[in-house]
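# An overview of the molecular structure
Listed here are the chains, written in short residue letters.
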Amino acid sequence: MAPSLWDGTLSIDDFNASAKALMTKWREIDVEDSLPDWTWKPCCTMGVASQVEGFLALEGVFHTGAGSQTEDNNNLSDEGTVEHDTWVQSSSDSVHVYDFHIAYSFSYKVPLLYFQGHQAGGQLLTIDEIKKDLPAHSLNVLSESKWTFITREEHPHLSRPWFTLHPCGTSDWMKLLLGKSGEKDLCLQYLSTWLSVVGQAVGLKIPLKLHCNS
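Computed from a prediction, not measured in an experiment: that's the story for all the values here.

About the thresholds
- Within each chain, residue numbers correspond to sequence positions counted from 1 in written order.
- pLDDT decides what is reported in this predicted model: residues at 70 or higher carry local features, side-chain atom pairs at 80 or more are listed and counted, and totals for whole chains, interfaces and linings draw on all residues regardless.
- Based on all heavy atoms of the structure, the side-chain values leave hydrogens and waters out of the count.
- Here a helix means four or more residues in a row that DSSP labels H or I, a strand means two or more in a row labelled E, and each is numbered from the N terminus.
- For a helix, the expected span equals 1.5 Å multiplied by the number of residues minus one.
- Here the term buried applies to any residue with accessible area under 20% of the maximum for its type, exposed to any over 50%, and partly exposed to those in between, with areas from a 1.4 Å probe on protein chains only.
- The quantity known as pLDDT measures the predictor's confidence residue by residue, on a range of 0 to 100.
- Contacts: residue pairs with any heavy atoms within 4.5 Å of one another.
- Cavity means a closed set of points on a 1 Å grid over the protein atoms alone, one where a 1.4 Å probe fits but cannot get out, pocket means an open set with protein on both sides within 12 Å along at least 5 of 7 lines, and lining means a residue has an atom within 4 Å of a point.
- Grid points are joined across faces, edges and corners, and a volume is the space filled by probe spheres set on the points.
- Three classes are used: nonpolar for Ala, Val, Leu, Ile, Met, Phe, Trp, Tyr, Cys and Pro, charged for Asp, Glu, Lys and Arg, and polar for all others, with Gly counted as polar.
- At least two DSSP bridges between two strands are needed for those strands to be called paired.
- Within this scheme, the nonpolar core is defined by two criteria: the residues are buried Ala, Val, Leu, Ile, Met, Phe, Trp, Tyr or Cys, and they are joined through side-chain atoms within 4.5 Å.
- Any carboxyl oxygen of Asp or Glu that lies within 4 Å of a side-chain nitrogen of Lys or Arg is treated as forming a salt bridge with it.

### Side note on helix H1 (residues 12-28)
Helical geometry note: an α-helix holds 3.6 residues per turn, so side chains three or four residues apart project in the same direction. With 17 residues, H1 should cover 24 Å at 1.5 Å per step; its first-to-last C-alpha distance of 24 Å lies within 8% of that length. Those residues of H1 that fall on the buried side of the exposure criterion are Ile12, Phe15, Asn16, Ser18, Ala19, Leu22, Met23, Lys25 and Trp26.

### Let's talk about the confidence of the model for the chain
Across the chain, the average pLDDT comes to 81, with 78% of residues at or above 70. Across residues 66-92 the pLDDT falls below 50, and counting only partners more than four positions away or on other chains, this stretch makes 53 contacts in the model.

### Side note on empty space enclosed by the protein
Enumeration according to the criterion identifies three cavities of 30 Å³ or more in this entry. Of the voids in this model, the largest cavity is the one considered here, and its volume is about 50 Å³. Lining the largest cavity, in full, are Pro111, Leu112, Leu113, Trp147, Thr148, Leu165, His166, Pro167, Thr170, Trp173, Trp194 and Val198. Contributions of two or more residues to the lining of the largest cavity are made by strand E4 (110-119), helix H5 (170-178) and helix H6 (183-201). When the residues that make up the lining of the largest cavity are grouped by side-chain class, the tally is nine nonpolar, three polar and no charged. A volume near 40 Å³ is recorded for the second largest cavity. Taken together, Gln116, Leu124, Leu125, Arg152, Pro161, Trp162 and Phe163 make up the full set of residues lining the second largest cavity. Of all the elements, strand E6 (residues 161-165) adds the most residues to the lining of the second largest cavity, at three residues. When the residues that make up the lining of the second largest cavity are grouped by side-chain class, the tally is five nonpolar, one polar and one charged.

### Structural notes on the environment of Gly122
Structurally, Gly122 can be placed in the loop between E4 and helix H3 (127-133). Accessibility expressed as a relative area gives 44% for Gly122, which makes it partly exposed. Along the primary structure Gly122 and Val97 are separated by 25 residues, whereas in three dimensions their C-alpha atoms are 8.8 Å apart.

### Regarding the pairing of strand E3 (residues 96-105)
Where burial is concerned, most of E3 is hidden: ten out of the ten residues are buried. The pairing of E3 with E4 spans ten bridges and is classified as antiparallel. Paired with Ser105 across the strands is Val110, a residue of E4. The turn joining E3 and E4, which pair antiparallel and follow one another in sequence, is formed by four residues; a positive phi near 60 degrees is taken by Lys109.

### Description of the environment of Ala120
Mapped onto the elements of the fold, Ala120 is located in the loop between E4 and H3. For Ala120, a relative accessible area of 57% translates into the label exposed. Each C-alpha atom of the pair Ala120 and Val95 lies 6.2 Å from the other, and the pair is 25 residues apart in sequence.

### A few points about the nonpolar core
Of all hydrophobic cores here, the largest spans 50 residues; its most connected members are Trp38, Phe100, Ile102, Tyr190, Leu191, Trp194 and Leu195. Among the elements of the structure, H1, strand E2 (48-63), E3, E4, helix H4 (136-144), E6, H5 and H6 are those that each provide at least two residues to this core. Ranked by residue count, the leading element in this core is H6, at eight residues. Leaving out residues up to four positions away in the same chain, Trp38 has contacts with Met23, Trp26, Leu56, Ala57, Leu58, Phe100, Ile102 and Leu195.

### Comments concerning the pattern of salt bridges
Under the criterion given, the structure shown has one salt bridge. Between Lys41 and Glu59 there is a salt bridge; the shortest N-O distance is 3.0 Å. In this pair, Lys41 sits in strand E1 (residues 39-45) while Glu59 sits in strand E2, placing the two residues 18 residues apart along the sequence. With a relative accessible area of 31%, Glu59 lands in the partly exposed category.

### Some points on the pairing of E4
In terms of burial, E4 is largely enclosed, as nine of its ten residues are buried. When E4 meets E6, the two strands line up antiparallel, connected through two bridges. Within E6, the position partnered with Tyr114 by the bridge is Thr164.

Take a look at the structure:
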């Protein structure tokens, strides 16, 4: 489809191609040691892995307790700007561990971000506990934005309830962000651009180079 006629959505094939591009670029850029790699997890039917359906996973992202978050939010970068990196590897007993999944919505024809957090002992975090982990910027995004809010629904591939960012409005703002890109660039840049936006709502620090043109 010509970019001028594009409605901001993706086909399942384009989602899969964009997922592959995201994994490749994530490995190529200088991602902080605190963040693992995105991996592809194929869906299985009767023990056979699907060649088409699956989801992206970023698992084992550690977050320190509230005290450490406050300290981290006051760190200054070399350029003198405040760093909001609260996602760190830690062996502290107060650590929370987060998993992030990106799945394709056949209803909205856009990606969905699913996530959950748990304590070191495995107990799942409530939404109130998760919000306490979020930096102020993320809370502002969630409270002020008209296009995103956290809800809870069944994970499409794991059949268990996960928190997710509702996809209403996703196609509209993706059209604004990528509407002038070429047809090939739309596919390759979609997930990287989308993640740079939705990551802000859940406190996931996305490297700037991820959504810059190669």
